[in-house]
Each structure stands twice: as C-alpha cells, then as structure tokens.
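Residues per chain, in single letters:
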Amino acid sequence: MNGPLITLEDGWAKLKSQGVLKIQEILEDLSENVFRISITTEEYSSLYTTVYSMCTQKPPNNWSEQLYHNYCASVKEYLSQKVLPRIKAKSSEAMLRELVRRWENHKLMVRFLSHVFKYLDRFYVKRLSLPELSEVGSNSFHEIVFNSVKKDVRAVILALILKEREGDQVDRKLIKDVVSIFVDMGGTRVSLDVYTTDFEEALLVATRDFYRVQSASWTEQDSFPDYMAKAEDRLTQEQARVGHFLHPSTEEKLLQVCEDELLSLPEAKLLEKEHSGCEALLRDNKTDDLARMYRLFSRVITGLQPIGAIVRKHIADVGMALVRKQEVLAGTPVKGAEPADGVEITELAKQAAAMAADMNPYVQELLDIHDKYQELVKECFGQNTIFQKAMKEAFEQFVNKDIHKVTTAEMLSNFCDNLLKKSGERLDEQQLDDKLEKVVRLFSYLTDKDIFAEFYKKQLAKRLLLQRSASDDAERSMIAKLKLKCGAQFTSKLEGMVLDMNLSQDHQTHFIEFISMKEIKLECDLTVQVLTTGFWPTYKSDELNLPSEMVACVTAFKAYYDSKTSHRRLRWVHNLGSNQVLGTFYPGGKKKQHDLMVSTYQACILLLFNTQEKYTCEEMQKALNMPIDELKRYMLSLSLGKYRILHKTPASKEVASADVFSVNNEFTDRARRIKVPMLTAKVTVEEKESTRQTVDEDRKHAIEAAIVRIMKTRKTLDHQKLVLEASQQLMRHFKPDPKLIKKRIEDLIAREYLERDATKSNVYKYLA
C-alpha cells in the first residue's frame, strides 16, 4: 500500500529538525554521560520510515542521492561550526579533554544517524560503492577537526609525557584517550598510518632528544654501576609507559630509541670508565653489576662484543700475572733441597725437580681461576657463547705458556698423578671426581694434548706397575673423561694398560695353578705383570744376571706362558720390578730382621752379599752385568740414602769402581717393614727428555698420516690448502708447525708418496 508522496523539502525538513539537529542538541546538552533530552522510539521509527519512503519512491521522486549529500553536508556543517571552534577555544589539557568529549559525542551522533539513514547504506551506498555513512562521519571529523588541531594536540601530549619522565604526575587516562583518537583516525580498517605519522614519529624524536641529554649528564656525573641502575629503571618505565597510554606497536620502536641513546652510543665510554668501568667490575668481582651490564647490553645487537673483548683481556691478564708470578717462584733456588731418592744429581736437575714439585699449587691456582670465571660466565653472562669464546681464547693464551721450559701439559699430568696415587692428595670419591673433571676442562685448552698424553701414560704406567694407584675406579673415570674430550684413539693405549693389569691378575691365578699342577717348588713368591708392548711406554732391555732364586721363578713363568700361547714372546723389564727381601742385621750384637721393600736391581745387589761379605763396585758390575752408571746410582741409594743398609769404604759421596761395600750389620730402624727409595718412583729429567723426543717422533708420523689421508682423497692439492687441512685435522691433539708440515711433505715426496706437479711447483699429486 503506497503512502502519500514526500517531497525533498518536506522530508529533509523533518529529518533535519527531528533527527540531525535534535541529536546535536542532545549531545551539546550531555553532561557527565547523563542525557537530559532523548529521542523516543516512536520518533526514531518515524524518522527511519521517512528515509525509507523517500528512498523507495519512484523517480523522479526518489531522493536517495539528495539525502546522502544532505547527510554529509549536515555532519560537516556541525563539525566546522560547532565542534572545531569549541576545541580551538581551549588550550593545554582542557583542549585535550574537549577533543576527547567531542570525539565521543561525534561517534554517538554518527551511530544514531547511521541507524536512521540505514536504508541508504543498505542499497544506495552499496549499489554505487560510495563510502558508508559511518565512514563519512569519521572522515569528516578527521579532515575538519583532527587535521586542524593535531599539531597542538601532539605538542600537549609530548609535553605531558616529558612532564611524567621528569617525575611529575599526569592524567594517564586523558593521554590514553587522546592517543586512541590518533589510532581511530586510521579509519575502519584500523590502519596505524595516521598514528605513526602524526604522533609516533614525533614521540620517538622527542624521546631520543630527552635521553641523549640524560645520557650525557649521567655519563659525566655517575659511576658505571649507577648509570646502569638509572638506565635499567628508565627502560622499565618506558616499557610500562607503553602499557599505560601508547599503542602496543610503539613498544619495540620506543625501546630501540632508548637503548640507542642510553646504551649503544655511550657504550665505549661507559665500559672504559677509569674506576668503575667493565674492567673495574671484573677486578672487584661485582657480580650484581656485571649481571645488570649483561642484561642491559644484550638488548643491543652489537652490545656484547666489546664486553666480551674486555672479559677476554681481563682473564688473559689475570692468567699471565699468575704465569709471571710462578716464573719468579720457579726461578728462585730452593734451599736445603735433598737429592731425590738419596741420589746425588746435578744442580740443573735439582732445580727441575724442585720446580716440578712447586707446580701443583700453580695448577691448583689455574683451576681456581677457571672455576671463578666459569661461574662468572654462567651466573652473570647467562652462558652466552660470546663469553664462553672469550674465556676459551683467554685461557688458551696463558695455559699454553711454559714455566722455565716446563709445559702446562706436563704440569697437568703431574697434578693428576698427585691426585691419583696413594701418597698424593687425600680426597673422597666425589671430591676426586670433581677435581679430575676440572683438570680435563683445563686440559681442553692445551694446544699440545699429545705431550700430556705421553707424560700421563708414563705416570699411569708407574702407578699401575708399582701399585701406587689410589683407586682403579678413579683411573678408569679419568680415562673416560679424556676419551669423551678427545676421542677413542687418544685413550686407546691408556685403556689397554688398565686392561693389561686386569689380565695380569688372571695370569697370576693361572700361574699359581700351573706350578701347583706341575709340582714346581719355588724359593720365593713371584707376581708377574704381562704388558702389551704397543700400549706401554718404551722401556730399555737389559741383560741382568739374576740370582738363582729369581732365575728359577722366571723359568717357571716362561714355561707357563709358553703353554698358553705360542705367538707371543716375553721380554723381561727388570728395572720396573719390585721385591720384598728379608734382611738380618746385628745392631749391638742382637739379631734383628727387617722386611726390605726394594727394586729388582736393589734386590739383586743385596742378594750378592749372601755369597760374599765384601764387593767392590767393579766386582758387582761383572757379577750382575749391570751398566756401571746405573749400578753406582743404586749403590748410592743403598749406602748413602735414608736407609744405609750397606757400608761404603771410603765414606765419600762419590762412588768409584774400587770402592768396597759390605752389609751394615749395625743397621736398625723402629719399623719392621722398610720401604727403600726406588729410582723409578718419579719421572726423571732423562725421562722427560725422552718423553719429548717420543712426542716429536709421534708428531712426525701423525703429520705424515694426515697428509696421506688428505691427498688420497683429493688426489691433487696446492701447498697452502694442504697445510691448512692438515693443521685442522691435527689441531685436536696438537698445534702443528707449518715448517714441520712442509718438511714432512718433502720427506713424503722423497719416499714417492707424493710428487710435485710438472707445471706448478706448489701443487702436489698423490702417487697411488
């Protein structure tokens, strides 16, 4: 049913007076969100029906286009004539409050009018792809009001933020409401372009200027720890400020500006502060300040590298100071030093022995320094790889420094020996394992790991053979730790040595069963340790003439061993053996017996006196077929050492071939069981030199093997690349000298493993 025709003038007059102007009047009269005037449901329905009728009348009386334009014009007229003048009439915070009130009112007005004119949106606007009525309302506010006052509004907001930064209280809700208008001006698609361009950029510039001044002032006046405390507090405040009244997208940019001005730009000057910089914090062990420094500068992309460099230098300086201190101590002659094991040795050897004895405290200090800085890297620097690398490089710098030609590899091996032997440091199982773990960590910094391995092998051999090892479990644990660090090849010989000792126990059991079964009667008990030549250090063979009692034992064991295997040959190493000899003496004419714990050489010397009362040194040498120098050293240990079992004529400190020796019948001691010092208990100066020679020889073979492996794969390679690849392969065990690699290449060419390229002399070819 069609109603009466509505003209444009009548229809718009009704819509304007009862709709547009009335809602504007209501909003103008709005006080504290209380509406004193309202539009009834009947009035709203009447307005909506009028719009509907005017838009559905047939042309030429369809007024959709005119209503759309009149709506736009009335909104713009209200904004330009009523809203904008009221906002401009005020200033400072009052202007902000007026802007917020007017924007909220405007949203209410647009929402109401959009409902009244909804039929336009549903059909006319949609059909012609025009901006929706609500969008027209927002855009009009943006163009007419916001663009006119945004500069003034932004200036007031920035002033309030500055005021808050300076410690004053501000109306955070007001700021948040105004900032929200900047966000809302992005339109219905919630674009942040307006917020970013018209507010955020200016905020970041103001922030940069503020903190540049603050940073300069703090850098000049405050210590580094105080500066960091203030900077950390400011960063926390700025982060909170975003939550209070800024858009979340601003947080990263705002903090970046703060970090640039407070941390990145002044970093070098702060770290190098004379009495409170990074070096001073490390020196004074200011862990809380160091942890704060890490927290702050880890926020900066390149903030940690300069700190890492300072940490590396500091640790290296501390380590080098320790090295210099030890060099001074080691260079000081040791007063009252007695000859080792009763043997007279040269002054050079005496100093070397004294130095070796003094190195354990030095190694302990190295471990303590490592513990300290490892804890620092963990607790203060969060195990960051930059600081792990800095610590590694620093320790590699000073740990590989020799102390008077004594390598750290040798010192570490001696330290382990002291921990693992019975007469060494007394620790419970857990303490021992912890300390060994620390030693292995320090060992990982060595460039010459093969030197450590060779010394460790010789000392392990003596602990095992002389039954000096405090714990088999600890020995196995240490080998397992080294294996984990360097691989199975590194510890294969050490594992073989331990295995040999276990097999020797089985051999001993089977040997006892063998002589029992064969009814062989021996004058003394015999324990034999069968060692695999490839696992153990190289020992000198000798042609020692054994006493008849020992010959019978050796013959019996050989018969047993030959019955077990026909593929292996026994080679007896007498200088590693030990014996228990019953000695009978007559001090004051009374008979007294002692169990003498001696080496095999010492036992052979003593047993000679069962057949003859006196011997010259020359006679003993002929009887035993022992090298004269070795014999003289052992004679000194028996006649001038701690226990003077033999009497020497003349009573000089030197041994001559014609000197006469006899049993000292007056010898006595409170203990029944006496352990006579044995020369094999320690690594001698000669053995040290021998060890180094062995290492040098092994290195030659290792370098050659690496070169051949590489060339076998590559077939052709130039000199520089071959040296580089060989070095990389060998670095795990030692740091090869390029000159030595070149020498081994020349040797391999001479032996026709390689050849030079006919046209390029620096290129090598592999010869299959």
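Summary of the structure given here. (Residues numbered from 1 in each chain as written. Predicted model: local features only at pLDDT ≥ 70, side-chain atom pairs only at ≥ 80, totals over all residues. Heavy atoms only, no water.)

Another point: the overall build of the protein. Looking only at helices and strands, the protein has 28 helices and nine strands in total. Over its C-alpha trace the protein gives a radius of gyration of 48 Å, far above what one expects of a compact globule, namely 27 Å for 768 residues. Reported as C-alpha extents along the three principal axes, the dimensions of the protein are approximately 155 × 60 × 60 Å. Burial analysis of the protein (768 residues in total) assigns 45% to the buried set. By sequence separation, contacts in the protein at least 24 residues apart represent 72% of the contacts at least 6 residues apart. Counting every atom, the protein has about 40,600 Å² of accessible surface; 50% of that belongs to carbon and sulfur. Across the protein, the mean location of the 113 positive side-chain charges is 2 Å away from that of the 112 negative side-chain charges. (Helix = DSSP H or I, 4+ residues; strand = E, 2+ residues; numbered from the N terminus. Rg over C-alpha atoms; globule rule 2.2 N^0.38 Å. Buried < 20%, exposed > 50% of the residue type's maximum accessible area, 1.4 Å probe, protein only. Contact = heavy atoms within 4.5 Å. Areas by Shrake-Rupley, 256 points an atom, 1.4 Å probe, with all protein chains shown as cover. Lys, Arg positive; Asp, Glu negative; His and termini not counted. Charge placed at Lys NZ, Arg CZ, Asp CG, Glu CD.)

Let's shift gears to the nonpolar core. Counting residues in hydrophobic clusters, the biggest one holds 91 residues, and the most contacted among them are M293, F297, I307, F381, F395, F452 and M478. Apart from the residues lying within four places of it in its own chain, the contact partners of M478 are C416, L436, V439, V440, F452 and Y456. One finds W12, I175, L204 and L254 within the second-largest nonpolar core, a separate group that totals 69 residues. (Core = buried A, V, L, I, M, F, W, Y, C linked by side-chain atoms within 4.5 Å.)

This paragraph deals with the pattern of salt bridges. Overall, the coordinates contain 47 salt bridges when judged by the stated rule. E164 is the partner of R172 in a salt bridge, and the nearest nitrogen-oxygen pair spans 2.7 Å. The partner of D289 in a salt bridge is R292, with the nearest N and O atoms 3.6 Å apart. One end of the pair, D289, and the other, R292, are both in helix α13 (residues 287–297), three residues apart, so they sit about a helical turn from each other. Given a relative accessible area of 16%, D289 falls into the buried group. Each of the salt bridges in this network shares a partner with another, and the network as a whole consists of E164, R165, R172, E238 and R241. (Salt bridge = Lys/Arg side-chain N within 4 Å of Asp/Glu carboxyl O.)

So, on to the sheet that holds strand β6 (residues 673–675). Read from one edge to the other, the open sheet built from three strands follows the order β1-β2-β6, with strand pairing classed as mixed. The open sheet has two edge strands with one neighbour each: β1 (578–585) and β6. Averaged over neighbouring strand pairs, the angle between their axes works out to 25 degrees when direction is ignored. Sheet analysis places strand β2 (residues 592–599) next to β6, joined by three bridges and oriented parallel. (Pairing = 2+ DSSP bridges. Axes fitted to C-alpha atoms, helices over the stretch in contact; angles between N-to-C directions.)

A separate point is the packing of aromatic side chains. In the structure shown here, the tally under the stated rule is 29 aromatic pairs. Chaining the aromatic ring pairs together yields one cluster made of F511, F514, F557, Y560, Y561 and W572. Over the face of the ring belonging to F443 we find K449, whose NZ or CZ atom lies 5.8 Å from the ring centre. A cation over a ring is seen here: R463 above Y456, with NZ or CZ 5.3 Å from the ring centre. (Phe/Tyr/Trp six-rings, centres within 6.5 Å; stacked < 30°, edge-to-face > 60°. Lys NZ or Arg CZ within 6 Å of the ring centre and 35° of its normal.)

Packing of helix α23 (residues 600–608) against helix α24 (residues 617–624) leaves a shortest axis separation of 11 Å and a crossing angle of 110 degrees. When the interaxial angle is binned, α23 and α24 end up roughly perpendicular. Remark: the crossing between α23 and α24 carries right-handed chirality. Within the contact between the two elements, α23 uses C604, I605 and L608 and α24 uses M620, A623 and L624. Looking at the contact of α23 with α24 residue by residue, the class counts come to six nonpolar, no polar and no charged. (Parallel < 35°, antiparallel > 145°, perpendicular 65-115°, else oblique. Left-handed = near helix turned anticlockwise from the far one by under 90°. Nonpolar A, V, L, I, M, F, W, Y, C, P; charged D, E, K, R; others polar.)

Attention now goes to the sheet that holds strand β5 (residues 660–663). As summarised here, the arrangement of the three strands in space is β3-β5-β4, forming an open sheet in which the pairing is antiparallel. With one partner strand each, in any of the chains shown, β3 (614–616) and β4 (646–649) form the two edges of the open sheet. Sheet twist, expressed as the average angle between the axes of neighbouring strands with direction ignored, equals 25 degrees. As judged from the three bridges shared by β3 and β5, these two strands associate in the antiparallel manner. For T616, the partnering residue across the bridge sits in β5 and is V660. Each of β4 and β5 touches helix α25 (residues 628–639); the most contacted strand, β4, lies at about 115 degrees to it.

Here we take up the environment of K493. Structurally, K493 is set in helix α21 (residues 488–517). Taking C-alpha positions, K493 is 4.5 Å from F535, a pair spaced 42 residues apart along the chain. If we skip the residues at most four places from it in the chain, K493 touches K457, G534 and F535.

Within the fold, P547 resides in the loop between α21 and α22 (548–564). A C-alpha to C-alpha distance of 52 Å links P547 and E752, two positions 205 residues apart in sequence. Residues within four places of P547 in sequence aside, it is in contact with C604 and L607.

Along the chain, E259 falls in helix α10 (residues 250–264). We classify E259 as buried; its relative accessible area is 8%. On a C-alpha basis, the gap between E259 and A231 in space is 8.7 Å, while along the polypeptide they are 28 residues apart. Those residues in contact with E259, other than ones at most four positions away along the chain, are L235, S264, R299 and V300.

Counted at 1.5 Å a residue, the expected span for helix α20 (residues 472–486) with its 15 residues is 21 Å, and the 21 Å between its end C-alpha atoms agrees. By the burial criterion, the buried members of α20 are A474, E475, M478, I479, K481, L482 and C486. In an axial view of α20, the angular spread of the buried residues amounts to 155 degrees, which keeps them on one side of the axis. The inward-facing, buried residues of α20 contact α17 (408–420), α18 (429–443), α19 (449–465) and α21. Where α20 begins, the side chain of S471 points an oxygen toward the backbone nitrogen of D473, at a separation of 3.3 Å. Positive phi appears at G487, one or two residues downstream of α20, with a value of about 100 degrees. (Expected span 1.5 Å × (residues − 1). Arc of directions from axis to C-beta. Polar contact = N/O pair within 3.5 Å; in protein donor to acceptor, adjacent residues only side chain to side chain.)

Side chains L646 and K648 project from β4 onto a buried face, and the interleaved H647 and T649 project onto a face without burial. Inspection of the sheet shows β4 paired to β5 by four bridges, in the antiparallel sense. Paired with T649 across the bridge in β5 is V660.

Of note, the amide linkage connecting P59 to P60 takes the cis form, showing an omega dihedral of 10 degrees. Assignment of secondary structure puts P60 in the loop between α2 (41–56) and α3 (64–88). Cis peptide bonds are those with omega within 30 degrees of zero, and the linkage from T649 to P650 qualifies with -5 degrees. Along the chain, the position of P650 falls in the loop between β4 and β5. Of note in the backbone geometry, N625 takes a positive phi value of approximately 60 degrees without being a glycine. Of note, N625 is situated in the loop between α24 and α25. N625 sits in the partly exposed class, given a relative accessible area of 38%.

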